[in-house]
Amino acid sequence: MTIRSLDDALGAVTDLAPIARQYSQKAEDARDLPAEVVDAITAAGLWSVFTPTGAGGSGLIGLDEAFEIIRAVAYADTSTAWSLFICATTPAIVASKLPADGIAEVLADGIGPMSLVFGPNGRSSPAEGGVRVTGRWPFASGIGYAGWVMANTVLLDEDGAPKPGLGGSPELLSVVVPAEQVSIIDDWHVAGLRGTGSMSFALDDVYVPARRTFPFFAPSRLAAPKYRLPLFSLLAPGFAAVAVGAAEHALDEVLAVLPTRVGPPKFQPASEDPVIQRTIGRAQAAIRAARESTRAVFDTYVDRRLRGEDLSGLPVAERSELHQQALWAASTCRDTVDELFRIAGASAIYESSPIQRIWRDINVLNQHLYLRDIQHENAGKLALGIEVVSPTI
């Protein structure tokens with residue numbers, strides 16, 4: 001399927017959704033997306049939805065576009081949404097950062113799912129025409145079916161010492177390697193987001209040519225405005241969208257189950273309980289606030305981009321706003337799902353209930369390093385006129 005617009009992408013998600021939901025328990029049991037879901041994403045054309053059009057993709061990585069696409073998938077299944085977020089965003093990053101000959105090599109067989117890990121858990125040593133890489137990286141979502149893997153490393157100098165980078169921190173170098181060169185470590189035994197297959201992998205003295213490397217904090221090589229947003233700002237829609245879509249799904253599941261819950265002491269449907277009604281009302285308001293405030297914040301930057309502003313040099317206060325919004329939306333939705341799970345009753349604890357899966361998934365999502373509460377601290381410092389220096393905002 002060829003996706004040329006946001007409407008096309010949302011139509012593709014409509015086709016994908018029943019398959020993702022049908023195989024959600026199989027994904028849980030396998031601790032990875034099953035082939036049926038991976039193939040459905042491929043057939044829908046969604047692996048390339050965020051990749052630049054110049055590299056053969058759909059180019060729909062705008063803050064507004066990515067939020068709506070991933071949110072729609074998250075409503076169907078959280079693990080599928082997370083996997084699409086990571087494995088479709090990675091080729092977009094690679095295509096906007098690698099030199100032309102590296103892009104040509106990596107995308108020679110088309111755009112498929114790629115895995116990445118942001119933590120610099122390896123080291124790159126200088127070698128003729130490239131680097132040699134050793135390390136072990138956790139949380140590599142989609143590593144089992146990805147064709148390529150992007151990993152971040154600390155770049156060493158000729159003496160084996162870390163090269164200095166931004167603010168005196170070590171220089172980080174991103175490397176892109178074929179999946180067959182990594183050793184997968186089957187350690188994804190977790191509480192939530194089980195279907196994402198986010199296992200660890202290792203590289204042992206693997207040679208990577210310079211054409212498949214780039215400085216992690218380097219700006220995009222593309223002139224296309226959507227791809228010039230700072231990297232950690234570019235990621236904000238995915239985190240917010242997974243949380244909002246999951247919370248919307250949880251609310252609808254609870255609304256469906258409450259009228260069927262009848263028991264002591266009044267033996268009337270739980271939906272007639274005023275306490276539960278108030279909880280539902282608060283949940284509606286919270287999810288709506290998370291969704292609409294996120295849209296409003298993102299739309300501000302989309303409007304600026306459409307007016308021709310180059311957003312590659314966003315000051316720290318504006319990068320903080322985008323990052324903080326994703327954190328607030330995710331934590332608000334988590335707290336709301338916690339309340340919904342509580343009122344859903346004992347039946348919600350069974351594996352057959354989507355409510356318990358969403359509850360586990362959204363709590364694990366909020367454990368992600370990107371969603372650390374320090375982003376509120378940073379925003380508070382900036383509001384108080386205190387300088388914040390952090391390349392990961």
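On a predicted model such as this, the values are computed, not experimentally measured, just so you know.

Reading guide: rules and limits
Residues numbered from 1 in each chain as written. Predicted model: local features only at pLDDT ≥ 70, side-chain atom pairs only at ≥ 80, totals over all residues. Heavy atoms only, no water. Phe/Tyr/Trp six-rings, centres within 6.5 Å; stacked < 30°, edge-to-face > 60°. Helix = DSSP H or I, 4+ residues; strand = E, 2+ residues; numbered from the N terminus. Buried < 20%, exposed > 50% of the residue type's maximum accessible area, 1.4 Å probe, protein only. 1 Å grid on protein atoms, 1.4 Å probe; cavity = no way out; pocket = protein on both sides within 12 Å on 5 of 7 lines; lining within 4 Å. Points joined across faces, edges and corners; volume = space filled by probe spheres on them. Nonpolar A, V, L, I, M, F, W, Y, C, P; charged D, E, K, R; others polar. Contact = heavy atoms within 4.5 Å.

Trainee: Explain the packing of aromatic side chains to me, and be specific about the residues and the numbers.
Mentor: Applying the stated criterion across every chain yields a total of 14 aromatic pairs. Each ring, one from tryptophan 82 and one from phenylalanine 85, has its centre 5.3 Å from the other, and the planes form 80 degrees; the classification is edge-to-face. On the criterion of helical spacing, the pair formed by tryptophan 82 and phenylalanine 85 is a turn pair, its members being 3 residues apart in helix 5 (residues 78–97). Their ring planes at 15 degrees and their centres at 6.4 Å tell us that phenylalanine 232 and tyrosine 370 sit as a pair that is stacked. Of this pair, phenylalanine 232 sits in helix 7 (residues 231–234) while tyrosine 370 sits in the loop between helix 11 (354–365) and helix 12 (374–383), placing them 138 residues apart in sequence. Like phenylalanine 232, the residue tyrosine 370 is buried in the burial classification. Members of the aromatic cluster, joined through ring pairs, are Trp82, Phe85, Phe118, Phe216, Phe217, Phe232, Phe239 and Tyr370.

Trainee: Explain the layout of surface pockets to me, using residue names and the numbers behind them.
Mentor: As a volume, the second largest pocket reaches approximately 230 Å³. If you go around the second largest pocket, you meet 13 residues; those closest to its centre are Gly263, Pro264, Gln268, Ala270 and Asp273. Taken together, the elements giving at least two residues each to the lining of the second largest pocket come down to strand 8 (262–263), strand 9 (268–269) and helix 9 (274–306). Split into classes, the residues belonging to the lining of the second largest pocket amount to 8 nonpolar, 2 polar and 3 charged.

Trainee: Tell me about the environment of phenylalanine 232, and please be specific about residues and values.
Mentor: Classification of phenylalanine 232 as buried rests on a relative accessible area of 12%. In this structure, phenylalanine 232 is in contact with Phe216, Phe217, Tyr370, Pro391, Thr392 and Ile393, ignoring residues within four places of it in sequence.

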